[in-house]
Amino acid sequence: MLIRKDYFDNGSLMGIWKMDESIDELLKLFPPSIRSEADNYINSIGSKRRVIEWLSTRIMLFELLGEIKIIQNHEDGRPYLADNSYHISISHTKDHAAILLNKVYPVGIDIEIKSDRVEKLAYKFISENEYIDPEKKILHQLLHWSAKECMFKLINAQGIDFKKHLFIHKFTPSQNGIITATEYRTKETRTYNLHYEIHPEYVLTWVVDTLKN
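Criteria and cut-off values
Counting restarts for each chain, with residues numbered from 1 along the sequence as it is written. Given that this is a predicted model, residues contribute local features only at a pLDDT of at least 70 and side-chain atom pairs are listed and counted only at 80 or more, while totals for whole chains, interfaces and linings are drawn from all residues. Side-chain numbers here rest on the full set of heavy atoms in the structure, without hydrogens or water. Whenever Lys or Arg places a side-chain nitrogen within 4 Å of a carboxyl oxygen from Asp or Glu, that contact is recorded as a salt bridge. Counting from the N terminus, the helices are the DSSP runs of H or I reaching at least four residues and the strands are the DSSP runs of E reaching at least two. Three labels apply to residues, based on accessible area from a 1.4 Å probe with only protein chains included: buried if under 20% of the type maximum, exposed if over 50%, partly exposed otherwise in between. Here an axis means a line fitted to C-alpha atoms, over the contact stretch when the element is a helix, while the angle between two N-to-C directions is reported on a 0 to 180 degree scale. For classification purposes, angles smaller than 35 degrees are called roughly parallel, those larger than 145 roughly antiparallel, those between 65 and 115 roughly perpendicular, and all remaining angles oblique. Should the near helix be turned anticlockwise from the far one by less than a right angle, the crossing is left-handed, and should it be turned clockwise, the crossing is right-handed. The contact criterion used throughout is that any non-hydrogen atoms of two residues lie within 4.5 Å. Classification convention: Asp, Glu, Lys, Arg as charged; Ala, Val, Leu, Ile, Met, Phe, Trp, Tyr, Cys, Pro as nonpolar; all other residues, Gly among them, as polar.

Visitor: Describe in detail the pattern of salt bridges, supporting the description with residues and values.
Guide: It is possible for side chains bearing opposite charge to pair when their charged atoms get close. Counted by the stated rule, this structure contains twelve salt bridges. Across the pair K69 and D83 runs a salt bridge whose closest N-O atoms are separated by 2.7 Å. With K69 in the loop between helix 3 (48–65) and strand 3 (71–73) and D83 in the loop between strand 4 (79–81) and strand 5 (87–93), the pair connects residues that are 14 residues apart, well separated along the chain. Relative accessible area serves as the criterion here: at 11%, K69 is assigned to the buried category. A salt bridge links D76 to R78, with the nearest nitrogen and oxygen atoms 2.8 Å apart. By relative accessible area, R78 is classed as partly exposed at 27%. Ionic contacts of the salt-bridge type, sharing partners, join the residues R4, D6 and E197 into one network.

Written out as structure tokens, the structure is:
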């Protein structure tokens, strides 16, 4: 079910989908004219979760735009629309999916379920020079991961090391705000302002590269 549809001043369109439907329920919502695409995917994938994610994102895209768009993937897995009408970024987590669209600017979005699992992995993607609030440790670590996932999706480069190439400038988590982050993987060494929100079940981050078109 589409639980959020937001337009932003920079021309972006965001959608959040609550994945609480069964495969059969999702198929009833799927555009009939491209139903064969869904059937082919279902027959080729053994994972029920992946099928639900696949169906949910395509139905959400249809509900956001009111027209059928075909999502394809580059060799590195990044999604794009077959007609190139929008830049698109997609993210999934437990029970939720997110899409960010913009006709002009590249975009990145990430949604992450709240979990303490991130604490065991933090050493792999947070450097000793990045600040973590000890009173909000797990939440802060999760926001670091989510923000870096957004940057990874936005930057068109191979071999990105989250710990070495992506730096989150000091901030203290609140309910929502801006995360400033710098990438050191490309020659441009760009700095971005990412938006973030903290929800009861998940955290959400997104970025729009308004300097690039």
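Visitor: Please set out the packing of helix 2 (residues 35–44) against helix 3 residue by residue, giving values where relevant.
Guide: The relative placement of two packed helices comes down to the angle between their axes together with the axis-to-axis distance. Axis separation between helix 2 and helix 3 bottoms out at 10 Å; the angle between their running directions is 160 degrees. One finds that helix 2 runs roughly antiparallel with respect to helix 3. Crossing hand, helix 2 versus helix 3: right-handed. Contacts between helix 2 and helix 3 involve E37, A38, Y41 and I42 from the former and R50, V51, W54, L55 and R58 from the latter. Taken together, the residues that form the contact of helix 2 with helix 3 break down as six nonpolar, no polar and three charged.

Visitor: Outline unusual backbone geometry, listing residues and values.
Guide: Backbone geometry places N84, a non-glycine residue, at a positive phi of 55 degrees. You can see N84 is positioned in the loop between strand 4 and strand 5. Located in the positive-phi region is D95, a residue other than glycine, with phi close to 70 degrees. For D95, the location among the structural elements is in the loop between strand 5 and strand 6 (96–102).

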